[in-house]
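Okay, here's what each chain looks like letter by letter:
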Amino acid sequence: MAANKGLTFVTLDVLTHTKFSGNPLAIVRVPVSTSLTQEQKQVIAREFNLSETVFLHPALEGLRLPEWKIDIFTVPQEIPFAGHPIIGTACYVLSTYTPQSTGPVRGTFITKAGPISLEYCDGLVRASIPHNVHIHRHGLSSAELLGSQPALNKVVDAKSMRDQSPVVSIVKGMTFALVELSSVEALGHVTTTSTSTQPRLDPEWDESFVALYFYVCLPSSEEGLFNLRTRMIAGSLEDPATGSAASALTAYLSLQAGPRNSYRCAVAQGVEMGRRSDIGVDVTLSEDGTRVAAITLSGRAVQVMEGTLNYQ
């Protein structure tokens, strides 16, 4: 019998510094000698059954700063970009990389959404997030929302809600309906559902992962830090940390806020699941405040498991 081919993997809890909190992530190393098909990657992602699995290819040689190609898979499909896989994988590779100079360790990920610049220092990763912020013409109506979330009727007055919650894509393929709630109590009544809510998306943006991102605005910190509590629901799935959704939300809120050109946000997610995640997002707007110039996602991760995956 031929020996099984093995791939090394690790799992990390991401956007936390505490094991068994945050959002779990699997990272599978794909050596130069191995070629995985799309179907094999999908099967492996289903086997891990986490919100995302990353396939990490070897660092490209001969460059001033290291670059890694990564592929990001959810259980049903590959996606172009997601926040917590970027933060977790960057913590994993940059924490062991020996730089040629002192100071923060820098590198780049090559993703389907484009290159992502990384910086690692004292356990914290800062990642420049690819973005093409698009606010869809049609929002999610309060009737649709309350129809899919009947428990909210107990704590939310329908008349006090927005008629339409904005639907925002952070990049093509990653879209979120941003639903503001009035209290943390109301946030606690949000539930997973048997069906996914599908808002009407604009043409050329309609091939996309879509989820509901509920949020509550908390009092700002004295240093100007905007604090948010959030939950991400995609049908029967609740995610403990969703960096792409946090990026979409903070980009949208920054565009609405004016007149400042930069905003710092602290997003706490996953509390109701018992897996609190802490997501940092910095948003920089153009000088006229009409478009997003830069989004930087930040966070930490801690390794939990390692092993070998026999895939043949």
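Above: the structure in question.
Structural notes, computed from the coordinates.

Parameters and conventions
- Residues numbered from 1 in each chain as written.
- Predicted model: local features only at pLDDT ≥ 70, side-chain atom pairs only at ≥ 80, totals over all residues.
- Heavy atoms only, no water.
- Helix = DSSP H or I, 4+ residues; strand = E, 2+ residues; numbered from the N terminus.
- Buried < 20%, exposed > 50% of the residue type's maximum accessible area, 1.4 Å probe, protein only.
- Contact = heavy atoms within 4.5 Å.
- Areas by Shrake-Rupley, 256 points an atom, 1.4 Å probe, with all protein chains shown as cover.
- Core = buried A, V, L, I, M, F, W, Y, C linked by side-chain atoms within 4.5 Å.
- Phe/Tyr/Trp six-rings, centres within 6.5 Å; stacked < 30°, edge-to-face > 60°.
- Lys NZ or Arg CZ within 6 Å of the ring centre and 35° of its normal.
- Expected span 1.5 Å × (residues − 1).
- Lys, Arg positive; Asp, Glu negative; His and termini not counted.
- Salt bridge = Lys/Arg side-chain N within 4 Å of Asp/Glu carboxyl O.
- Polar contact = N/O pair within 3.5 Å; in protein donor to acceptor, adjacent residues only side chain to side chain.
- Arc of directions from axis to C-beta.

1. Details of the overall build of the chain
Part 1 of the argument: Summing up its helical and strand segments, the chain has 5 helices and 20 strands in all.
Part 2 of the argument: By principal-axis analysis of the C-alpha atoms, the chain measures approximately 65 × 45 × 40 Å.
Part 3 of the argument: Within the span of the chain, comprising 312 residues, buried residues form 52% of the whole.
Part 4 of the argument: Across the chain, the fraction of contacts at a sequence separation of at least 24, relative to all contacts at a separation of at least 6, is 67%.
Part 5 of the argument: Within the structure as shown, the chain displays about 14700 Å² of accessible surface, and the carbon and sulfur contribution to it stands at 49%.

2. Observations regarding the nonpolar core
Part 1 of the argument: Ranked by size, the top nonpolar core spans 57 residues in total, and within it I86, F109, F176 and Y213 carry the most contacts.
Part 2 of the argument: A per-element tally of this core places helix α2 (residues 83-94) first, with 7 residues.
Part 3 of the argument: For F176, the contacting residues outside a window of four places in its chain are P166, V167, V168, F209, A211, Y213, M232, T242, S244, A245 and A248.
Part 4 of the argument: With 19 residues, the next largest nonpolar core counts L181, L187, V210 and F214 among its residues.

3. Some points on the packing of aromatic side chains
Part 1 of the argument: A full pass over the atoms with the stated rule returns 7 aromatic pairs.
Part 2 of the argument: Measuring from ring centre to ring centre gives 5.5 Å for F55 and F73, while their planes differ by 85°; the resulting arrangement is edge-to-face. With a gap of 18 residues between them, F55 in strand β3 (residues 53-56) and F73 in strand β4 (residues 67-73) connect regions that are remote in the sequence.
Part 3 of the argument: Among the aromatic residues, ring-to-ring pairing joins W68, Y97 and F109 into one connected group.
Part 4 of the argument: Here the basic side chain of K172 rests over the ring of W205, its NZ or CZ set 5.4 Å away from the ring centre.

4. Observations regarding unusual backbone geometry
Part 1 of the argument: Residues other than glycine seldom take positive phi values, yet N49 does so here, at roughly 60°.
Part 2 of the argument: Checked against the element boundaries, N49 lands in the loop between α1 (38-48) and β3.
Part 3 of the argument: Among the residues examined, N49 registers a relative accessible area of 55% and is labelled exposed.

5. Quick word on helix α5 (residues 243-257)
Part 1 of the argument: Taking 1.5 Å per residue, 15 residues should reach 21 Å; α5 reaches 21 Å between its end C-alpha atoms and fits that length.
Part 2 of the argument: Following α5 by one or two positions, G258 has its phi on the positive side, about 50°.

6. A few points about the side chain of E52
Part 1 of the argument: Along the polypeptide, E52 turns up in the loop between α1 and β3.
Part 2 of the argument: Buried charge E52 goes without a salt bridge, the closest partner of opposite sign being R275 at 12 Å.
Part 3 of the argument: Of the polar contacts made by the side chain of E52, one reaches the side chain of H84; its length is 3.0 Å.
Part 4 of the argument: Not counting the four nearest positions on each side in its chain, E52 is found in contact with L25, A26, I72, F73, T74, I79, A82, H84 and P85.

7. Focus on the pattern of salt bridges
Part 1 of the argument: Using the criterion set out here, one finds 13 salt bridges in the structure.
Part 2 of the argument: Among the salt bridges present, the one from R275 reaches D13, with a minimum N-O distance of 3.1 Å. Taken together, the residues span a long stretch of sequence, with R275 in the loop between β17 (262-269) and β18 (277-285) and D13 in strand β1 (residues 6-14) at a distance of 262 residues.
Part 3 of the argument: According to the relative accessible area criterion, R275 is partly exposed, its value standing at 21%.
Part 4 of the argument: Taking the shortest distance from any N to any O, the salt bridge between D278 and R276 comes out at 3.0 Å.

8. Some thoughts on the environment of G307
Part 1 of the argument: For G307, the position within the fold is in strand β20 (residues 301-310).
Part 2 of the argument: Residues G307 and F9, spaced 298 residues apart in sequence, show a C-alpha to C-alpha distance of 5.5 Å.
Part 3 of the argument: Residues within four places of G307 in sequence aside, it is in contact with L7, T8 and F9.

9. As for α1
Part 1 of the argument: Considered for burial, the residues of α1 that qualify are K41, Q42, I44, A45 and F48. Within α1, the buried residues cover an arc of 160° as seen down the axis, which keeps them to one side. Projecting away from the buried face of α1 at angles above 90 degrees are the exposed residues E39 and E47.
Part 2 of the argument: Its buried side turned inward, α1 meets β1, β2 (23-29), β3, β4, β5 (78-79) and β20.
Part 3 of the argument: Count one or two residues on from α1 and you reach N49, which has phi positive near 60°.

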